[in-house]
Amino acid sequence: MAFILVNIGSNVGRRRLNLSRAMRAIGEEFGPFELSHVVESKPWGFDSTEPFLNVGMAFNSDLPPEEILHRLQAIEKLLAPAPHRDEEGNYIDRELDIDIVAIDREVIDTPELKVPHPHLADRDFFLVPLEELAPGWTHPITGLTATEMLKTLEDKSKND
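About the criteria used
- Throughout this document, residue positions are counted from 1 along each chain, in the order its sequence is written.
- pLDDT decides what is reported in this predicted model: residues at 70 or higher carry local features, side-chain atom pairs at 80 or more are listed and counted, and totals for whole chains, interfaces and linings draw on all residues regardless.
- Computation of side-chain values: all heavy atoms of the structure, hydrogens and water removed.
- Buried Ala, Val, Leu, Ile, Met, Phe, Trp, Tyr and Cys residues form a nonpolar core when they are joined through side-chain atoms within 4.5 Å.
- Whether a residue is buried, partly exposed or exposed follows from its accessible area with a 1.4 Å probe, protein chains only, as a fraction of its type maximum: under 20%, in between, or over 50%, in that order.
- A run of DSSP states H or I qualifies as a helix once it reaches four residues; a run of E qualifies as a strand once it reaches two. Both are numbered from the N-terminal end.
- Any pair of residues with heavy atoms lying within 4.5 Å of one another is described as a contacting pair.
- Here is the rule: rings of Phe, Tyr and Trp (six-membered ring for Trp) pair when centre to centre is within 6.5 Å. Planes less than 30 degrees apart are stacked, more than 60 are edge-to-face, and the remainder are tilted.
- We call a charge positioned over a ring when the NZ of a Lys or the CZ of an Arg lies within 6 Å of the ring centre and within 35 degrees of the ring normal.
- Within 3.5 Å is the distance limit for a polar contact, defined as a pair of N or O atoms, with the added protein rule that one can donate a hydrogen and the other accept it, and that residues adjacent in sequence qualify only through two side-chain atoms.

A. Quick peek at the nonpolar core. One finds Val6, Ile8, Ile26, Leu72, Ile98 and Ile100 to be the most contacted residues of the largest nonpolar core, which totals 26 residues. Only strand E1 (2-10), helix H1 (15-30), strand E4 (52-61), helix H2 (65-79) and strand E5 (97-103) provide two or more residues apiece to this core. With six residues, the single largest contributor to this core is H1. Residue contacts for Leu72: discarding those within four places in its chain leaves Val6, Ile26, Phe30, Ile98 and Ile100. Within the second largest apolar cluster, 17 residues are counted, among which are Val39, Leu133, Trp137 and Met149.

Next up, the structure:
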């Protein structure tokens, strides 16, 4: 049984309702779960005036990682079928975004799935929920905890 940590985000529409519907669907699909508190953040990787609400969700599953990804993508497409990128491939505002942040301490690097999430250390809206849900988790490559990655991110933003 693997520990799965996902992050759910929404920056348009009824954001809290979007998160709630995604959490309910994931719970129905995977069973019992834990939630972090909701984090509000500026869009990452694109310009928008619409802030995101993000929540971390942790659950256990014995499914293969690719199957977990496919089931999460199906939930995302069912609840919010609009694309996440424009014609040029750039991020855009979205009703719902579900990302796998980590699966235990596994490292997966395939064209379809990269775990831990490749931008984990750059996104406080991933790290704050991770710190809350799994304070003892360490990045399998860097060995850093969410708390340590947050500190590095804060130090970097002070120097920018």
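Picking up where we left off.
B. Expanded view of the packing of aromatic side chains. The tally for this structure, following the rule as stated, stands at three aromatic pairs. On the numbers, 4.6 Å between centres and 25 degrees between planes, the contact of Phe30 with Phe59 is stacked. Of the two residues, Phe30 sits in helix H1 while Phe59 sits in strand E4, which places them 29 residues apart along the sequence. Taken individually, Phe30 and Phe59 each receive the classification buried, so the pair is uniform in this respect. Measuring from ring centre to ring centre gives 5.2 Å for Phe125 and Phe126, while their planes differ by 70 degrees; the resulting arrangement is edge-to-face. Take Phe125 and Phe126: they sit in the same class, and that class is buried. The ring of Trp44 has Arg123 lying over it, and the distance from NZ or CZ to the ring centre is 4.0 Å.

C. Looking closely at the side chain of Ser61. Mapping Ser61 onto the fold places it in strand E4. The buried category is assigned to Ser61, whose relative accessible area is 6%. Separated by 3.1 Å, the side chain of Ser61 and the backbone nitrogen of Leu63 make a polar contact. Ignoring sequence-local partners within four residues, the contact set of Ser61 consists of Met1, Ala2, Ile4, Phe30 and Ile68.

D. Quick look at the environment of Gly9. Take Gly9: it is sitting in strand E1. Under the relative-accessibility criterion, Gly9 is labelled buried at 1%. Considered as a pair, Gly9 and Ile92 are 83 residues apart in the sequence and their alpha carbons are 13 Å apart. Apart from residues no more than four positions distant in its own chain, Gly9 is found in contact with Leu19, Phe52, Leu53, Asn54, Glu95, Leu96 and Asp97.

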